[in-house]
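# Secondary and tertiary structure notes
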Amino acid sequence: MRVLSGIQPTGRFHWGNYFGAIRQYIELQNENESYYFIANLHALTTIRDKQVLQQNSLDAALDLLALGLNPDKATLFMQSDVPEVSELCWLLMSGTPMGLLERCVSYKDKTAKGLSANAGLFTYPVLQAADILIYDADVVPVGQDQVQHVEVCRDIAQSFNHHFGETFVLPKPRVMPVAAKVPGTDGEKMSKSYDNTIEIFEPLKPQRKKIMRITTDSRPMEDPKDPDSDHLYQLYSLFASDADREAMAAKYRQGGFGYGEVKKAVADASEAYFNEAREKREALAADTKKVAEILGDGAAKARKKAAEVLLRAQQACGVK
Ligand code: ADP
Ligand code: TRP
């Protein structure tokens, strides 16, 4: 089974990114041939500042490596270091109906928020399809919001195969059900776009302050509460052991506790959870040459596979 996923370097990674996506990458690297990349070409549709894009891309690599992505097991690279992808993207574009892209939620959401709709943003799912198909990926670990893009990728691949003969492997999305939607500090889905994120590696003091400010309802202290419908409990569950989670759930059902107590537990548990990764990140940040080397090796490996699949597609559709 070949696994592939990409993540955009549009800001520092947050808990939603980790539990929804990154943690799966790390789990899957142990059993499978896996490719993970930093989607800097996709980020270009929204980031128009060179320094910001470069800094974010480096930060993304540091974060992924610190969190446990192991370059001896997984191939980690920068999307733009595999130019074959852009070429495949064009081959796919000509067989992609406008209607398919018009229906994509991510595009509709972005334009609804007033972001200007450049052609890159509109055709974004086609580049994503090229990203996936060029490595013959079977499985694509993503958060719930990306499932539609993997389905679009399947549609595009199926249509190409139908026209030109079997060329592409049809990939399947893989979503972690427990953390398909990590809530943010306001209880809505955690997302950079909603300004409600808790970043994995933000300094501990401001992070703790942010946790203490997570919105809660105005339930009287003595009232019992259903833990499963509470976002603070959901956040705590991400970090707690089974026993601690059960103990907290029992407290909720019993009542008589304050949310401040739960927030403190979230801060303590998250700090302990990411402590090792924090230390690792500091060491890596002091050795960016090594990081560049890892990305260079990853790109070389990825390009080899990409060139093979691109040639197959070129021959299938008649441009080679
Ligand atoms: P953001 O919404 O902050 O811009 P991205 O869209 O860049 O995050 O998401 C990167 C990856 O992390 C995707 O696979 C996405 O599905 C996953 N992800 C993002 N936010 C969450 C969340 N709150 N819960 C679960 N997964 C998430
Ligand atoms: N669109 C994805 C996101 O915003 C990132 C991405 C780009 C991706 N190419 C991909 C994810 C290929 C999976 C497979 O999260």
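Residues numbered from 1 in each chain as written. Chains lettered and ligands numbered in written order. Predicted model: local features only at pLDDT ≥ 70, side-chain atom pairs only at ≥ 80, totals over all residues. Heavy atoms only, no water.

When helices and strands are counted, the protein shows 13 helices and 5 strands. Relative to the compact-globule value of 20 Å for 320 residues, the protein shows a C-alpha radius of gyration of 21 Å, a close match. Here the protein holds 320 residues, and 51% of them are scored as buried. Within the protein, counting contacts between residues at least 6 apart in sequence, those at least 24 apart form 78% of the total. Side chains of the protein carry 39 positive and 43 negative charges; the gap between the two charge centres is 2 Å. (Helix = DSSP H or I, 4+ residues; strand = E, 2+ residues; numbered from the N terminus. Rg over C-alpha atoms; globule rule 2.2 N^0.38 Å. Buried < 20%, exposed > 50% of the residue type's maximum accessible area, 1.4 Å probe, protein only. Contact = heavy atoms within 4.5 Å. Lys, Arg positive; Asp, Glu negative; His and termini not counted. Charge placed at Lys NZ, Arg CZ, Asp CG, Glu CD.)

Along the chain, Asn17 falls in helix H1 (residues 15-28). The contacts of Asn17, once residues within four sequence positions are left out, are Ile7, Arg12, Ile22 and Lys192.

Once that is clear, we can look at the site of ligand 1. His14, Gly143, Asp145, Ser191 and Lys192 are the nearest of the 18 residues found near ligand 1. In this structure, Val182 approaches ligand 1 through a main-chain N or O atom, which is 2.8 Å from a nitrogen atom. Interatomic distance of 2.9 Å between a backbone N/O atom of Met190 and a nitrogen atom of ligand 1. Tallying contributions element by element places H1 first for the shell around ligand 1, with 4 residues. (Near = heavy atom within 4 Å. Polar contact = N/O pair within 3.5 Å; in protein donor to acceptor, adjacent residues only side chain to side chain.)

Time to look at the layout of surface pockets. In this structure, the largest pocket spans a volume of roughly 1,200 Å³. Those elements that provide at least two residues to the lining of the largest pocket are strand E1 (2-7), H1, helix H6 (105-112), helix H7 (119-133), strand E4 (139-141) and helix H8 (147-164). With 5 residues, the top contributor of residues to the lining of the largest pocket is H1. For the lining of the largest pocket, the residue count by class is 19 nonpolar, 20 polar and 8 charged. (1 Å grid on protein atoms, 1.4 Å probe; cavity = no way out; pocket = protein on both sides within 12 Å on 5 of 7 lines; lining within 4 Å. Points joined across faces, edges and corners; volume = space filled by probe spheres on them. Nonpolar A, V, L, I, M, F, W, Y, C, P; charged D, E, K, R; others polar.)

As a further point, take the state of the cysteines. Within this structure, the stated rule accounts for 0 disulfides. The thiol sulfur of Cys317 is not disulfide-bonded, and the nearest other cysteine sulfur, from Cys89, lies at 13 Å. For Cys317, a relative accessible area of 23% gives the class partly exposed. (Disulfide = S-S within 2.5 Å.)

Of all 6 residues that make up strand E2 (residues 33-38), 5 are buried, and the element is covered over most of its length. Note that E1 and E2 share 6 bridges and pair parallel. By the bridge assignment for E2, Arg2 is matched with Glu33. Tracing the backbone out of E1, into H1 and back to the parallel element E2 gives a crossover that is right-handed. The pairing of E2 with strand E3 (residues 74-78) spans 5 bridges and is classified as parallel. Note that in E3 the partner of Tyr35 across the bridge is Thr75. (Pairing = 2+ DSSP bridges. Right-handed = clockwise from strand over helix to strand, strands pointing away.)

In short, geometric facts, not functional conclusions.
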